[in-house]
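# An overview of the molecular structure
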Amino acid sequence: MCGGRSSSEYSDAAFVNGRPLGYASSVTKKTGFDVVVIGGGPSGMTAAYFAAKAGADVLLVDSRPSPGEKILLSGGGRCNVLPVSVGPEAYVTDSSPHSLRKILLSWPLEEVRGFLEGPIGLRLIEQKRTGKVFPAGSGGGAEVRDAFIKAIRRTGVKVRGKCRVVDVLPDERRRVVVESGPGIVASHVVVATGGMSYPKTGSTGFGFEIAQRLGHSLIPPYPALVLLYGGTPAHHGLAGLSLPVRLSTGDGNQRTSSVGDFLFTHRGYSGPVVLNAAHAIARWGRAKAAPAAPAMSPRPALRVSWLDRSASDWESVLAPGPGTVRTALSEALPGRLGDVLLDELDLHEAEKSTLRRDDRARILKALSDYELPIRRAGGFGEAEVTGGGVPLGEVLPRTLGSRLVPTVFFCGEVLDAFGPIGGHNFLWAFVTGRLAGSGAASG
Ligand SMILES: Cc1cc2nc3c(=O)[nH]c(=O)nc-3n(C[C@H](O)[C@H](O)[C@H](O)COP(=O)(O)OP(=O)(O)OC[C@H]3O[C@@H](n4cnc5c(N)ncnc54)[C@H](O)[C@@H]3O)c2cc1C
């Protein structure tokens, strides 16, 4: 049973550092919490911390046995907690970029880092080459998760695992309805239930459901930071090959591009640069699958410039001279990629000295503007984050309180924004968690 309030919670929630908290002015009358945080991911734990620090009596509940399961998987287990620099333009939202900027920049990166290294008690190191920040010890995600749990407990937050919330009824006293046991009395509720990615970690999209039940609209969720399926058998034969590329999407002034590592896999493409761009394909797939899909634009193309070299950079490699094109490429491109590209153009045996102008142009295009044969983006089960969610315009930017239901607050991935690989999503979770927790405590 996870509902109601246990007797131990009455007694130890009533005083922290010798001072009464929230409702606790009359301990005997107390039947609930000032703030109930639903979801113990990085955003929920941060919200709980700041609500308790502001003097609220806080309960954090999570449907999993203990909070922060996704943190354990993060960064391949190493847990990339922050980026070394932040740019709001790198984030993706269907809401106003202005709202996103205001929220994201409400807590400067150095201060977020100070919070992790101070009250949370983590030691952090920067990886200059990748621009990522990790915990310095060998514990990775477990180190981060455990430090957070300890810190929120120290602040007086009550934590209940195996406690699935099934509804939020803002007009009821017992407004947090749980799967088993009586509902939990709460003055304010923070919804920090994450998105829909990796649902086995507890993030099943419940927050989206609740937001809609409370009257909010929803930017339809889609998988993001996810691998792409597609390619030819020859591409699959290159599985494991990784190289830096420039990857571009869109055309004209809609064209965006970024540089990073690209990885061939047995079933498609991965690597940071692919994950960062994959939402373009996922969003297109989501729109196509919608019941009343409008006339669809063609699937967005992802174009690769191998090694981030332009056509003119490659011209010198193909300059007329002795030897085959294949040999020239093998000196510039890693692995068997040059062979695969030449096979696709049926130019495997081409000699540099006799290369026709149109064939040279085709090779240059394959090297600098190669359209990836993509079938589809991976699903929520494989996506590191969920795009879409509660529109940023439907929450107050200073507190993340619902504009429709003043006692409810949202933070983390349930909101309509995500950032690229590199610690940007934890940063979003911390920043929004702080706003929502402080907002709920003073609401
Ligand atoms: C494999 C992987 C690797 C990643 N690596 C990184 C990385 O290195 N750096 C980075 O910045 N980001 C990374 N991310 C993304 C990052 O983990 C998420 O963006 C972040 O965890 C979102 O935080 P959150 O608090 O919003 O939600 P979540 O972490 O998803 O937490 C939501 C919590 O709510 C609970 N919950 C849900 N529904 C209910 C309910 N009905 N009742 C009670 N509890 C409920 C869940 O059990 C869960 O604990 C990674 C993600 C994945 C999947």
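Residues numbered from 1 in each chain as written. Predicted model: local features only at pLDDT ≥ 70, side-chain atom pairs only at ≥ 80, totals over all residues.

### Considering the site of the ligand
Rules: Placing a C-beta atom from the backbone of each residue, we mark the residue near a molecule or strand if the atom is within 6 Å of it. Helix and strand assignments come from DSSP, with helices taken as H or I runs of at least 4 residues and strands as E runs of at least 2, each series counted from the N terminus. Under this grouping Gly is polar, as are all residues other than the nonpolar Ala, Val, Leu, Ile, Met, Phe, Trp, Tyr, Cys and Pro and the charged Asp, Glu, Lys and Arg.
Contacts to the ligand come from 39 residues, most closely from Gly39, Gly41, Gly194, Gly202 and Gly412. At the level of secondary structure, the elements contributing two or more residues to the shell around the ligand comprise α2 (42–53), α3 (69–73) and α15 (424–442). A total of 4 residues in the shell around the ligand trace back to one element, the largest contributor, which is α15. Looking at the shell around the ligand residue by residue, the classes come out as 13 nonpolar, 19 polar and 7 charged.

### Some details on the domain arrangement of the chain
Threshold: Domains are outlined according to an automatic or database domain assignment. Here contacts are defined at the residue level, using C-beta atoms placed from the backbone and a cut-off of 7 Å between them.
By domain assignment, the chain separates into domain 1 (7–222 + 385–442) and domain 2 (228–291 + 298–377). With centres defined by C-alpha atoms, the gap from domain 1 to domain 2 works out at 40 Å. Tallying the contact residues gives 6 residues for domain 1 and 7 residues for domain 2. Looking at the side of domain 1 that touches domain 2, its residues break down into 5 nonpolar, 1 polar and no charged.

### Details of the sheet that holds strand β18 (residues 370–371)
Let me state the cut-off plainly: Two strands qualify as a pair provided DSSP detects at least 2 bridges between them. Structural elements are reduced to axes, namely lines fitted to C-alpha atoms, with helices fitted over the stretch in contact, and the angle between N-to-C directions of any two is expressed from 0 to 180 degrees.
Spatially, β18-β17-β14-β15-β16-β13-β19 is the arrangement adopted by the 7 strands of the open sheet, whose pairing is antiparallel. Where the open sheet ends on each side, the last strands, each with one partner, are β18 and β19 (374–377). Bridge analysis of strand β14 (residues 242–249) against strand β15 (residues 256–264) gives 8 bridges, and the strand direction is antiparallel. Along β15, the bridge assignment pairs leucine 247 with serine 258. Here helix α10 (residues 279–289) sits on the sheet and contacts β13 (228–230), β14 and β19; the angle it forms with β19, its principal contact strand, is near 80°.

### Overview of the pairing of β14
Pairing of β14 with strand β17 (residues 302–306), which is carried by 5 bridges, proceeds in the antiparallel orientation. The residue bridging valine 245 from the neighbouring strand is tryptophan 306, located in β17.

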